[in-house]
There are 2 protein chains.
Amino acid sequence: MTAVFATSPNLALDEAVNRLRSEGRSLVHLGFGESQLPVPDFLTARLSAGAQRNAYGPIAGAEDVRAAAAGYFTRRGLATYAAQTVLAPGSKPILFALMAALEGSVILPKPCWVTYEPQARLAGRGVLEVPIPAESGGVPDPDRLPEAIRAHRAAGGDPRILLLTLPDNPTGTYPSRAVVRRLCEIAEEEDLLIISDEIYRDILHEDGAAVTSPAEFVPDRTVVTSGLSKSLALGGWRIGFARFPDTEKGRWLRARVLGVGSEIWSTLAGPMQEVAVHALSEPDEVVAHLSASARLHGSVAAAVHTIVTEAGAVCRKPTGGFYVYPDFEPVRAVLAAKSVTDSASLQEFLIERLGVAVLGGHHLGDVPGCLRFRAATSMLYGGTPAERWAALRDPDPVRLPHVANQLNTLRDAFLRLTA
Amino acid sequence: MTAVFATSPNLALDEAVNRLRSEGRSLVHLGFGESQLPVPDFLTARLSAGAQRNAYGPIAGAEDVRAAAAGYFTRRGLATYAAQTVLAPGSKPILFALMAALEGSVILPKPCWVTYEPQARLAGRGVLEVPIPAESGGVPDPDRLPEAIRAHRAAGGDPRILLLTLPDNPTGTYPSRAVVRRLCEIAEEEDLLIISDEIYRDILHEDGAAVTSPAEFVPDRTVVTSGLSKSLALGGWRIGFARFPDTEKGRWLRARVLGVGSEIWSTLAGPMQEVAVHALSEPDEVVAHLSASARLHGSVAAAVHTIVTEAGAVCRKPTGGFYVYPDFEPVRAVLAAKSVTDSASLQEFLIERLGVAVLGGHHLGDVPGCLRFRAATSMLYGGTPAERWAALRDPDPVRLPHVANQLNTLRDAFLRLTA
């Protein structure tokens with residue numbers, strides 16, 4: 001149970017980086033999954049406008065914000081009533097409440113976001129980790145999933161919940177429609193409820209690209225969670241939301257989640273509900289901001305992908321979000337000569353010797369002996385709001401001096417790592 | 001486990017009242033523990049100023065807001081370092097995290113706030129309820145506590161946590177210094193950790209009055225929780241905070257609570273941290289607002305106390321917060337003639353026949369057969385922000401027509417109840 005009560009390693013790393021910097025160390029911080037963009041004026045205006053929302057209000061959020069969330073999903077091909085939605089202070093509490101409200105074990109892709117496993121443990125759920133396929137992260141390899149479920153059952157486990165992250169943290173990729181369809185078939189066969197964490201859904205690197213949600217194939221057994229922390233860089237504002245199935249089971253589950261909500265968080269803060277009404281209604285200014293943000297994230301993630309592969313790593317090409325997840329297995333011998341033999345020593349070497357903060361794969365549930373880590377590429381947009389705005393507005397942000405300099409420092413560091 | 005996943009009865013009642021009103025019913029709503037005052041400009045200004053706090057930041061809150069929270073406690077006679085404090089989206093999540101982080105059963109005053117018991121169950125804790133003394137609510141009767149603990153242990157229970165509410169919800173009272181001291185002695189003898197929920201601490205009706213915190217007597221075994229929901233009417237803004245002991249055990253517990261926080265809520269929203277910096281620093285405008293609010297709460301609670309006692313109830317005289325908790329036992333025969341025989345039928349009769357919404361004692365852990373309920377008197381200040389501001393500014397608010405009318409309606413309803 002130690003892990004349950006330990007500080008989340010990504011937040012802990014962020015605090016460590018701040019401490020090192022306050023000691024005067026120069027660091028390239030790729031350790032924390034934060035979008036790092038400033039808040040546009042049209043959102044700060046809504047925050048101020050929401051000030052008089054100081055009453056408690058409904059646990060799930062007021063009618064207007066639930067209607068806006070319903071519209072958000074409906075525009076993405078999932079027709080949704082306001083009564084199917086829940087707002088909360090981040091998607092984290094919703095994910096926890098789902099795990100607390102359900103029974104059985106949670107099936108996680110390996111690697112995956114640091115928080116799922118301790119959340120599951122805290123909620124009393126067992127965990128079954130299944131490696132991701134070569135194609136993308138965010139999902140258990142469908143070729144291995146049925147057998148893993150059988151083995152888990154044979155060992156006394158009771159797998160009931162399939163957790164997917166689309167697009168994925170840590171790999172910055174998402175699976176093909178065919179893979180999602182296959183996972184949905186397995187969910188039907190094995191009677192699994194799917195939690196589809198789609199918090200990176202609006203950050204796709206290619207114009208016109210689309211993520212397939214499992215809710216398209218098996219809407220009755222899929223809960224979709226999301227939030228504004230990543231797409232609109234509002235991590236510090238804590239705005240999350242979810243869509244439940246329009247079925248008796250869906251209503252039962254939503255009521256249980258609201259029951260947990262009423263005991264733990266009450267409701268999303270009123271001014272944040274006002275912000276969410278605007279953001280989730282997606283007027284032109286929001287759409288344009290999302291689009292510019294996705295272009296920036298894609299451009300810098302691609303540049304970092306080039307850097308790590310040129311340094312000798314293999315790495316899935318990022319297609320969504322703002323992460324790359326390189327694997328330095330091809331240069332294991334070179335790293336071993338530097339006493340780097342696993343993801344913990346790799347993380348340590350990178351921060352202490354090369355000034356690069358990343359999150360070792362072991363923190364993400366990956367096998368400890370691996371030479372993989374997650375680099376959050378969104379940390380490279382600049383050190384000031386002005387630099388970040390410039391990066392957001394530039395058609396080719398990786399050529400901006402303040403971005404290019406960071407990328408050059410990073411290139412040098414990784415070439416030194418594998419020299 | 002049903003209660004754990006049910007919607008909190010106070011929030012459920014509030015939603016029911018809103019539905020009845022939307023159907024055109026005229027109601028006096030005393031059911032919900034909300035301060036109902038508008039937000040003063042000096043706080044909305046801080047909300048806007050905090051907009052650029054969109055980064056995640058430390059789980060416990062940024063350095064400035066923790067320093068402000070430390071100052072808040074220090075000014076109340078509890079010298080506190082910033083490192084002893086935690087901010088969160090409400091005190092609810094902190095209370096839940098404390099119960100999840102600790103072991104053993106929780107000792108609750110009976111009656112008490114609706115949320116403690118389901119929180120304890122959700123966190124896997126057992127519960128031991130001990131009746132409150134005649135003097136005040138918020139604490140188990142010290143004359144009965146040691147024996148209740150012995151009996152609980154004999155039955156296999158493991159009482160470890162003593163939860164106090166000072167001042168109290170639902171009785172609107174707080175115990176004398178002597179009673180608090182005696183409870184602290186019992187906590188020492190029985191090795192209990194005290195969670196002192198002091199969210200109503202800044203709402204004392206008598207000028208110059210002071211609540212005694214158990215942290216004054218046994219600081220090493222007391223965690224104090226609080227928030228701005230009640231004193232500054234910011235329930236919908238979700239701002240809570242806590243103070244941990246400055247001991248090894250206190251640091252251990254705080255780290256565990258932050259571990260739970262990192263998995264469930266991440267941090268208090270940045271703009272709300274900005275608000276809390278100002279509110280907890282308590283400049284003159286905040287002190288004056290707190291003082292005016294406390295005077296209004298005291299004045300109206302006293303008027304309602306007069307009404308229910310004149311109708312035949314016995315009732316502790318309210319001294320803090322904005323509740324009264326009358327007991328209609330003296331007129332049981334009269335009520336029985338109306339088929340009102342317990343707190344559920346009393347609540348039902350009051351809302352359906354007399355148009356008065358209150359929360360029956362059974363929802364607060366009281367014995368089901370009792371004829372007690374909680375009336376939240378803060379719901380009587382008016383139907384518009386202008387009326388509420390007028391009530392706040394008036395030296396004698398119960399004479400304002402819009403308040404007096406509500407009180408008259410209430411007086412009539414209770415006289416009809418016991419006629």
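Residues numbered from 1 in each chain as written. Chains lettered and ligands numbered in written order. Predicted model: local features only at pLDDT ≥ 70, side-chain atom pairs only at ≥ 80, totals over all residues. Heavy atoms only, no water.

Chain A is annotated in an unreviewed UniProt entry as Aminotransferase from Amycolatopsis minnesotensis. UniProt's Sequence similarities (unreviewed entry) comment on chain A is quoted here verbatim: "Belongs to the class-I pyridoxal-phosphate-dependent aminotransferase family." Reading the Cofactor (unreviewed entry) entry of the UniProt record for chain A gives the comment "pyridoxal 5'-phosphate". (UniProt positions renumbered as here; feature names shortened; annotations may be inferred.)

S.K.: Looking at this structure, how should I read the packing of helix H4 (residues 63-74) of chain B against helix H10 (residues 270-281) of chain B?
M.R.: Two quantities define a packed helix pair, namely the angle between the helix axes and the distance between the axes. Residues and elements named next belong to chain B. The interhelical angle for the contact between H4 and H10, taken along N-to-C directions, is 25°, at an axis separation of 8 Å. Here H10 runs roughly parallel to H4, going by the angle between their axes. As for how H4 packs across H10, the hand of that crossing is left-handed. Where H4 abuts H10, its residues Asp-64, Val-65, Ala-68, Ala-69 and Tyr-72 lie against Gln-273, Ala-276, Val-277, Leu-280 and Ser-281. The residue makeup of the contact of H4 with H10, split by class, is seven nonpolar, two polar and one charged. (Axes fitted to C-alpha atoms, helices over the stretch in contact; angles between N-to-C directions. Helix = DSSP H or I, 4+ residues; strand = E, 2+ residues; numbered from the N terminus. Parallel < 35°, antiparallel > 145°, perpendicular 65-115°, else oblique. Left-handed = near helix turned anticlockwise from the far one by under 90°. Contact = heavy atoms within 4.5 Å. Nonpolar A, V, L, I, M, F, W, Y, C, P; charged D, E, K, R; others polar.)

S.K.: Got a minute to help me understand the pairing of strand E8 (residues 240-243) of chain A in this structure?
M.R.: The side chains of a regular strand alternate between both faces of the sheet. All names here are of chain A. By the alternation rule, side chains of E8 split into Gly-240 and Ala-242 and Phe-241 and Arg-243, which are all buried. Examined bridge by bridge, strand E2 (residues 85-88) and E8 share four bridges and lie antiparallel to one another. Counted as the bridge partner of Leu-87 is Phe-241 from E8. Alignment of strand E7 (residues 222-227) against E8, held across four bridges, turns out to be antiparallel. From the neighbouring strand, Val-224 faces E8, where its bridge partner is Arg-243. (Buried < 20%, exposed > 50% of the residue type's maximum accessible area, 1.4 Å probe, protein only. Pairing = 2+ DSSP bridges.)

S.K.: I would appreciate a short explanation of the relation of the copies chain A and chain B in the present structure.
M.R.: Put simply, the two copies of the chain differ by a rotation about an axis and a shift along that axis. With an RMSD of 0.0 Å, the fit of chain A onto chain B corresponds to turning through 180° and sliding 0.0 Å along the axis. The relationship between the two copies is best expressed as a two-fold rotation axis. Using C-alpha coordinates, one finds that chain A approaches the rotation axis most closely at A:Ser48, a distance of 2.6 Å. Both copies share a contact surface, since 100% of the interface residues of chain A are interface residues in chain B too. (Least-squares fit on C-alpha atoms with pLDDT ≥ 70 in both.)

S.K.: I'm lost on the sheet that holds strand E9 (residues 323-324) of chain A in this one. Help?
M.R.: Within a sheet, adjacent strands bond to each other through the backbone by hydrogen bonds, running parallel or antiparallel. Residue and element names in this part refer to chain A. The strand order across the open sheet built from three strands is E9-E12-E11, with neighbouring strands paired in antiparallel fashion. Edge positions in the sheet fall to E9 and strand E11 (359-360), since each has one partner strand and no second. Sheet topology note: the E9/strand E12 (residues 373-376) ladder contains two bridges and is antiparallel. Residue Tyr-323 lies in a different strand from E12, and its bridge partner there is Ala-376.

S.K.: What am I meant to see in the pairing of E12(A) here?
M.R.: Residue and element names in this part refer to chain A. Burial along E12 is two-sided: the residues Phe-373 and Ala-375 and Arg-374 and Ala-376 are all buried. In this sheet, E12 lies alongside E11 in antiparallel orientation, the contact comprising two bridges. Bridge pairing links Gly-360 to Phe-373 in E12.

S.K.: Just to check I follow, could you spell out the environment of B:Ala233 for this structure?
M.R.: Structurally, the position occupied by B:Ala233 is in the loop between strand E7 (222-227) and strand E8 (240-243). In this structure B:Ala233 comes out as buried when scored by relative accessible area, which is 5%. Along the backbone, B:Ala233 and B:Gly61 are 172 residues apart, and their C-alpha atoms lie at a distance of 21 Å. Each residue touching B:Ala233, except ones within four places of it in the same chain, is listed here: A:Asn54, B:Ser35, B:Leu37 and B:Leu228.

S.K.: Please clarify how the interface of chain A and chain B should be interpreted in this entry.
M.R.: Size of an interface: often given as the accessible area lost when the parts come together. With 56 residues of chain A in contact, the opposing surface of chain B contributes 56 residues. Taking both sides of the interface into account, the surface hidden between chain A and chain B amounts to around 4,600 Å²; carbon and sulfur atoms contribute 59%. Remark: the boundary between chain A and chain B carries zero salt bridges. Summed over the shared surface of chain A and chain B, the number is 27 residue pairs in polar contact (both at pLDDT 80 or more). Here the element with the most residues in the side of chain A that touches chain B is helix H9 (residues 248-264) of chain A; it accounts for seven residues. For the side of chain A that touches chain B, a count of residues per class yields 31 nonpolar, 17 polar and eight charged. (Buried area = accessible area lost by both parts, 1.4 Å probe. Salt bridge = Lys/Arg side-chain N within 4 Å of Asp/Glu carboxyl O. Polar contact = N/O pair within 3.5 Å; in protein donor to acceptor, adjacent residues only side chain to side chain.)

S.K.: Could you clarify how one ought to interpret the domain arrangement of chain A in this entry?
M.R.: Residues and elements named next belong to chain A. Here the domain parsing of chain A yields domain 1 (2-39 + 285-417) and domain 2 (42-282). Taken over C-alpha atoms, the centre of domain 1 sits 25 Å from the centre of domain 2. Every contact between the two is made by 38 residues of domain 1 and, on the other side, 43 residues of domain 2. Buried area between domain 1 and domain 2, both sides added, is near 3,100 Å², and the carbon and sulfur share of it is 63%. Applying the counting rule to domain 1 against domain 2 returns zero salt bridges. (Domains from an automatic or database assignment.)

S.K.: Explain the side chain of B:Ser343 to me, please; I cannot follow it from the model alone.
M.R.: Residue and element names in this part refer to chain B. Considering the arrangement of structural elements, one finds Ser-343 in helix H13 (residues 343-352). The buried category is assigned to Ser-343, whose relative accessible area is 0%. Ignoring any residue separated from it by four or fewer positions in sequence, one finds Ser-343 in contact with Gly-360, Gly-361, His-362, Pro-368, Cys-370 and Arg-372.

S.K.: Would you explain unusual backbone geometry in this entry?
M.R.: Where the residue is not glycine, phi is negative for most of them; where a peptide bond is considered, it is trans in most cases. All names here are of chain B. For the bond from Leu-166 to Pro-167, the omega torsion is -10°, close enough to zero to count as cis. Inspection of the secondary structure puts Pro-167 in the loop between strand E5 (159-165) and helix H8 (177-190). A cis amide bond, omega 25°, links Asn-169 with the succeeding residue Pro-170. Structurally, Pro-170 can be placed in the loop between E5 and H8. For Ser-266, which is not glycine, the phi torsion reads 65° and is therefore positive. With respect to the helices and strands, Ser-266 occurs in the loop between helix H9 (248-264) and H10. Positive phi outside glycine occurs at Glu-282, with the angle close to 55°.

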